[in-house]
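Here are the chains, one letter per residue:
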Amino acid sequence: MAEAIRVVHYLNQFFGGMGGEAQAYEPVQVKPGPVGPGRALQGALGDQATIVGTLIAGDNYFTEELDAAKPAVEAYLDELRPDAVIAGPAFDAGRYGLACAEVCRIASARNIPAVTGMHPDNAGILTYRNDVLAVSTGTDSTEMVAILRQMATLALKRVRGTELGPAVAEGYVPTGRRQEVMHDKYGYERAADMLLARMAAKPYHSEMCLTGYDDVTPAPPLRDLKDAVIGLVSSGGLVPRGNRDRLVGSKAEQFFKYDIEQVGSLTVEEWESVHGGFGTLILNTKDPNYAMPLSTVRYLEDAGHIKQVYPQFFSTTGNATAVSAARRMGGEIASELTANRVDGVLLVAT
Amino acid sequence: MTAMPAIPLSVGASRVVRGVRVPHVCGDPALSEDRDHELRARIVTTALNALTTPVSTPTLFEPDQTVLEEVAR
């Protein structure tokens, strides 16, 4: 038999046995052999692979000091020369999930097959869905041993170059890759089978996997408008005339902030829309406030209906924007508004 | 605030306010200045009031109907 496959396992400070939140700033370090859940992982790998070392880092350290954590992981991987990297599982722990995804990306960049495990809604998946192979988990860490077994199976397949089947069959989170497969039956036969199954209330699997949207829990209502700081956001491509930041007219991946503290109204002399998805003549020759009602909001502010307009507005172009980019930008804008105690937001979508 | 409420409602936006047209969501340049000012105030006021309204699912808020009908003509 060939020499056993070398595996490096990544754990956070908690599963690595160092401690809880107090140890969350522990830098990347290595321990020989399996640690904690790594013992169960070694059991799942059996004599086919050996965990040669366990990398451990604190959750805060890895996510906040990424520039230091990455080279440390790279150096350890170069030293330990693994044939595969296994990270986590992280279940629904966001920082841990992000760290596991980063470790997998570092390994992949070195052509080392990598497998992790986490909940499909973990930030690690939301951020790096296309880059990581992750066993789909729930939120219950008592599933640990079963998950580790699946992770071991996937890792061994990857090392041996065995082609992976579809995500549902193999138990990993869909990565967005498509693969051609041959079916025994023609499409119309499969469609008819599905229809019959549906009519008989029997289970069936659609072959159309549509991207779902987030289920957003509505924010609780504001108690008192008169006491509210209101933020303004527009996807109408509004920029200071000249477009110094070069906001694009379509497929935007960036948003920009503009100071409106001393601005009562958006004028065509000073503002323009660079939106490429509709006729901007009215905005650009008559009144940009149609795509972000600053003049009206100021009027209501002066009349005391609201307490204050947040002194910067957020601007991007909503035109053929990728859902992933929109989700990221929305999250970043919301974080900043929340951090600055903005109570409510008016968002104009053109 | 949008002229195409079906889209934000279908993707799960919690509070959606119907605007006028895509090129002028928050008002109507075809109206007189006074009426346009009034319409803008109604749209923005509807949006602000939406922020004070409890909702559990994506909900459409219509600005004052009589004004919008005039705009549509």
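Reference entry: report on the structure contained in this document. Because the structure is a prediction, the values reported are computed rather than measured.

What follows deals with the overall build of chain A. The number of helices and strands found in chain A is eleven helices and twelve strands. Taking all 350 residues of chain A together, the buried fraction comes to 38%. The long-range fraction of contacts in chain A, counting pairs at least 24 apart against all pairs at least 6 apart in sequence, stands at 73%.

Let us now look at the overall build of chain B. Helix and strand content of chain B: three helices and two strands. Looking at chain B residue by residue over its 73 residues, the buried ones come to 33%. Counting only contacts in chain B whose residues sit at least 6 apart along the sequence, the fraction spanning at least 24 positions is 51%.

This part covers the interface of chain B and chain A. With 24 residues of chain B at the interface, the matching set in chain A holds 31 residues. Those elements that place two or more of their residues in the side of chain B that touches chain A are α1 (6-11) and α2 (33-51) of chain B. With six residues, α2(B) is the largest single contributor of residues to the side of chain B that touches chain A. Looking at the side of chain B that touches chain A residue by residue, the classes come out as 15 nonpolar, eight polar and one charged.

All names here are of chain A. Here strand β7 (residues 229-234) pairs with strand β11 (residues 308-315) via five bridges, running parallel. Among the inter-strand pairings, Val-233 is bridged to a residue of β11, identified as Phe-314. Relative to β11, strand β9 (residues 256-259) is paired through four bridges, and the arrangement is antiparallel. Paired with Lys-257 across the strands is Phe-314, a residue of β11.

All names here are of chain A. Helix length check: helix α6 (residues 144-160) (17 residues) gives 24 Å between terminal C-alpha atoms against 24 Å at 1.5 Å per residue, within 8%. Among all positions of α6, only Ile-147, Leu-148, Gln-150, Met-151, Ala-152, Leu-154, Ala-155 and Leu-156 are buried. Looking one or two residues beyond α6, the residue adopting positive phi is Gly-161, at roughly 75 degrees.

Residue and element names in this part refer to chain A. Relative to the helices and strands, Glu-21 resides in the loop between β1 (5-12) and β2 (29-32). Look at Glu-21 and you get exposed, because 11 C-beta atoms sit within 10 Å. Between the C-alpha atom of Glu-21 and that of Gly-58, which follows or precedes it by 37 residues, the distance is 8.3 Å.

The strands making up a sheet are joined through hydrogen bonds of the backbone, oriented either antiparallel or parallel. Residues and elements named next belong to chain A. Taken together, six strands build an open sheet; the order of strands is β2-β3-β1-β4-β5-β6 and the sheet is mixed. On the outer flanks of this sheet lie β2 and β6 (134-136), each paired with one strand and no other. Strand-to-strand twist across the sheet, computed as the mean angle between neighbouring axes with direction ignored, equals 25 degrees. Note that β1 and strand β4 (residues 84-91) share four bridges and pair parallel.

Any two packed helices are characterised by how steeply their axes cross, that is the angle between the axes, and by the distance between the axes. Interaxial distance between helix α10 (residues 294-302) of chain A and α2(B) falls to 9 Å at its minimum, and their mutual angle equals 75 degrees. On the basis of their axis angle, the class for α10(A) and α2(B) is roughly perpendicular. Judged by residue contacts, Thr296(A), Val297(A), Tyr299(A) and Leu300(A) of α10(A) engage Arg40(B), Ala41(B) and Val44(B) from α2(B). For the contact of α10(A) with α2(B), the residue count by class is five nonpolar, one polar and one charged.

All names here are of chain A. Along the chain, Gly-88 connects to Pro-89 via a cis peptide bond; the corresponding omega equals 15 degrees. Although it is not a glycine, Lys-251 adopts a positive phi angle of roughly 50 degrees. Relative to the assigned elements, Lys-251 resides in the loop between β8 (238-240) and β9. When the 12 C-beta atoms within 10 Å are taken as the criterion, Lys-251 is described as exposed.

So, on to the sheet that holds β7(A). Residue and element names in this part refer to chain A. Taken together, the four strands give an open sheet; going across it, the order is β9-β11-β7-β12, and neighbouring strands pair in mixed fashion. Of all the strands in the sheet, just β9 and β12 (344-348) have a single pairing partner and so form its edges. When strand polarity is set aside, the average angle formed by the axes of neighbouring strands in this sheet is 25 degrees. Sheet topology note: the β7/β12 ladder contains five bridges and is parallel. The partner of Val-233 across the bridge, within β12, is Leu-347.

What follows is about the nonpolar core. All names here are of chain A. Judged by nonpolar contacts, the single largest core of 56 residues is most densely connected at Val-85, Cys-100 and Val-103. Of the residues forming this core, the biggest block, nine residues, is contributed by helix α4 (residues 94-109). If we ignore the near neighbours within four places in the chain, the residues touching Cys-100 are Tyr-10, Ala-87, Gly-88, Ala-90, Thr-116, Met-118 and Gly-124. One finds Leu-238, Leu-266, Tyr-290 and Leu-346 within the second-largest nonpolar core, a separate group that totals 41 residues.

All names here are of chain A. The N-to-C vectors of helix α3 (residues 66-80) and α4 enclose an angle of 50 degrees; their axes lie 10 Å apart at closest approach. Classified by the angle their axes make, α3 and α4 are oblique. Considering how the two elements wind past one another, α3 and α4 form a crossing that is right-handed. Side by side, α3 and α4 meet where Leu-66, Lys-70, Val-73, Glu-74 and Leu-77 of the first sit next to Glu-102, Val-103, Ile-106 and Ala-107 of the second. A per-class count over the contact of α3 with α4 returns six nonpolar, no polar and three charged.

Conventions and cut-offs
Residues numbered from 1 in each chain as written. Chains lettered and ligands numbered in written order. Predicted model: local features only at pLDDT ≥ 70, side-chain atom pairs only at ≥ 80, totals over all residues. Helix = DSSP H or I, 4+ residues; strand = E, 2+ residues; numbered from the N terminus. Buried ≥ 20, exposed ≤ 12 C-beta atoms within 10 Å, placed from the backbone. Contact = placed C-beta atoms within 7 Å. Nonpolar A, V, L, I, M, F, W, Y, C, P; charged D, E, K, R; others polar. Pairing = 2+ DSSP bridges. Expected span 1.5 Å × (residues − 1). Axes fitted to C-alpha atoms, helices over the stretch in contact; angles between N-to-C directions. Parallel < 35°, antiparallel > 145°, perpendicular 65-115°, else oblique. Core = buried A, V, L, I, M, F, W, Y, C linked by C-beta atoms within 7 Å. Left-handed = near helix turned anticlockwise from the far one by under 90°.

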